[in-house]
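Take a look at the letters that make up each chain.
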Amino acid sequence: MRVLVCPTGFKGSIEPHIAADCIERGILRGVPDATIRNVPLADGGEGFTHALVAATGGNIRHTTVMGPTRVPIPSFYGILEGSGQKTAVIEMAAAAGLSLVPRTCRDPCVTTTFGVGQLITAALDEDVQRIIIGCGDSGTSDGGAGMLQALGARLVDAKGMELPYAGGGQSLVSIAGIDFSHIHQRLREVQIEAVCNWDNVLCGPKGVARVYGPQKGANEQQTELLAAAMDTYATVAQRTLGVNVSQLPGSGASGGLGTGLLLIGAVLRPRYEAILEYFNLDDLFDNCDLVFTAEGGIDDQTPRGKIPAEVAMRAEKHHIPVIALAGTVGPNADLNYHVGINAYVSILQQPSTLEEAIRDTERLLTDSAECAMRMVMVGKLLGSAAASKDTKRSLSDCCHARRYTNNMANNHGGSINGNHLKRLQSQ
């Protein structure tokens, strides 16, 4: 049995490479002689850096940056050496992710992306030629203002006074201009591409403040303050870029970080398109009998570009069955049967609190992978048993036909013509 293991992470719990190791361990407990190909995947959020480093070769660099609540935190980025040009990989969640914001401090009016700019600076100082930035799982709504400040840009109000450093999204209510005269010089020399949710826009009823602000801790008044700040920010960005960014695809990614990245010359890419390139999804299914994938929750959103569905659609083209393991099973999860997921199951074994589920995710995922693999082997045994019965029945029918033919031949004086023989054998 040759099994491809390609999960994404469980947000707020375990990253893709840990999830992949858990699934592999569970499979081998059920089928010790299985051959496993372990390919953790990520769509730009938590685990993106480690997944891309693991898939393409490279190293993790560790550093300290300002976290989303302005407290120093340990962080990291990746360096890939084998792509023909020195490439850095950064996930914004490693410096400004929601999981880095304590629940008692969740206020997207004040959280900052300053640490993201520090990660970019560290990569630039290594003389990289290309930077890939994963946008996802953010705990901020500052439009990338903090990132711009960390890279040397000055954000000013109508009086020319500089906005507070790392002041969060609320400070953008007063923004009137951006001075790039002291921006990091190497930004002009590198290629920057950002992997983001293409559907996230900066402003309007479906803008980042109103859609994601409440998820990051904003109350109704704070949400409207952030929406007004994004409107003002969009006006300033339009003067710089020469285009209206308010409804531009990806402009609202990671709390508006997409717009900040556009301002430093980045190219925004839909995450599903980038995943295909970075992880070579179409090349994963050679010499494979079964696929395991996983994510924190499977529901009617999964077929809309999430990794388990992207994997399943490609596996289906190769006629390979797919099993998805999930922390939770949400509304209309059965829609995933139509995109190539043949079976899905929640890893939870009993009612539990969120804290308990997060604490036990590794054990639960390993146990679920083992149980799923044992079920697969039961199906294989049933198939073998059915095939064996069919073979025995076929042999028995052949023997019966042979005896009947011989008897008929004897009754006809030892001879029977060919047409009659064929007719008897067909009976």
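Residues numbered from 1 in each chain as written. Predicted model: local features only at pLDDT ≥ 70, side-chain atom pairs only at ≥ 80, totals over all residues. Heavy atoms only, no water.

- An unreviewed UniProt entry lists the chain under the name Glycerate kinase, with Aspergillus tanneri as the source organism.

### So, the overall build of the chain
Okay, step 1: When its secondary structure is counted, the chain shows 13 helices and 13 strands.
Okay, step 2: Counting only C-alpha atoms and orienting by the principal axes, one finds that the chain spans roughly 120 × 50 × 40 Å.
Okay, step 3: Residues classed as buried in the chain amount to 51% of the 427 residues present.
Okay, step 4: Pairs at least 24 apart in sequence give 72% of the contacts found in the chain among residues at least 6 apart.
Okay, step 5: Taken as a whole, the chain presents about 19600 Å² of accessible surface, with 51% of it coming from carbon and sulfur.
Okay, step 6: Charge-centre separation for the chain: the mean point of 36 positive side chains lies 8 Å from the mean point of 43 negative side chains. (Helix = DSSP H or I, 4+ residues; strand = E, 2+ residues; numbered from the N terminus. Buried < 20%, exposed > 50% of the residue type's maximum accessible area, 1.4 Å probe, protein only. Contact = heavy atoms within 4.5 Å. Areas by Shrake-Rupley, 256 points an atom, 1.4 Å probe, with all protein chains shown as cover. Lys, Arg positive; Asp, Glu negative; His and termini not counted. Charge placed at Lys NZ, Arg CZ, Asp CG, Glu CD.)

### Section: the environment of Asp 43
Okay, step 1: With respect to the element layout, Asp 43 can be found in the loop between β2 (35–38) and α2 (48–56).
Okay, step 2: Put simply, Asp 43 and Pro 270 are 227 residues apart on the chain and 9.7 Å apart in space, counted from C-alpha to C-alpha.
Okay, step 3: Excluding residues that lie within four positions of it along the chain, Asp 43 makes contacts with Phe 48, Val 195, Arg 271, Ile 275 and Ile 307.

### Focus on the domain arrangement of the chain
Okay, step 1: If you check the domain split of the chain, you get domain 1 (2–39 + 303–378) and domain 2 (48–275).
Okay, step 2: The C-alpha centroid of domain 2 is placed 31 Å from the C-alpha centroid of domain 1.
Okay, step 3: If you look at the interface, domain 1 gives 6 residues, while domain 2 gives 7 residues.
Okay, step 4: Summing both sides of the interface, domain 1 and domain 2 together bury roughly 650 Å²; the carbon and sulfur share of this comes to 59%.
Okay, step 5: Run the count over domain 1 and domain 2 and you get 1 salt bridge.
Okay, step 6: Lys 11 is the partner of Asp 137 in a salt bridge, and the nearest nitrogen-oxygen pair spans 3.1 Å.
Okay, step 7: The tally of links from domain 1 across to domain 2 stands at 2 residue pairs in polar contact (both at pLDDT 80 or more). (Domains from an automatic or database assignment. Buried area = accessible area lost by both parts, 1.4 Å probe. Salt bridge = Lys/Arg side-chain N within 4 Å of Asp/Glu carboxyl O. Polar contact = N/O pair within 3.5 Å; in protein donor to acceptor, adjacent residues only side chain to side chain.)

### Let's talk about the pattern of salt bridges
Okay, step 1: The tally for this structure, following the rule as stated, stands at 22 salt bridges.
Okay, step 2: With a closest N to O distance of 2.9 Å, Glu 310 and Arg 314 form a salt bridge. Note that Glu 310 and Arg 314 are positioned in helix α10 (residues 307–317) at a spacing of 4 residues, about one turn of the helix. The residues Glu 310 and Arg 314 share a single accessibility class, namely buried.
Okay, step 3: Through salt bridges that share partners, Arg 29, Arg 359, Asp 360, Arg 363, Asp 367, Glu 370 and Arg 374 make up one connected network.

### Side note on the nonpolar core
Okay, step 1: Counting 52 residues, the largest nonpolar core has Ile 120, Ile 131 and Leu 261 as the members making the most contacts within it.
Okay, step 2: With 6 residues, the single largest contributor to this core is helix α7 (residues 220–241).
Okay, step 3: Dropping the residues within four chain positions of it, Ile 131 is found in contact with Ala 88, Ile 90, Ile 120, Ala 123, Leu 124, Gln 191, Ile 192 and Glu 193.
Okay, step 4: Core analysis: the next-biggest nonpolar cluster, separate from the first, contains 32 residues, Cys 6, Leu 52, Val 195 and Phe 285 among them. (Core = buried A, V, L, I, M, F, W, Y, C linked by side-chain atoms within 4.5 Å.)

### Here we look at the state of the cysteines
Okay, step 1: All told, the structure shown has 0 disulfides when counted by the stated rule.
Okay, step 2: As a non-bridged cysteine, Cys 6 has Cys 288 as the owner of its nearest cysteine sulfur, 8.0 Å distant. (Disulfide = S-S within 2.5 Å.)

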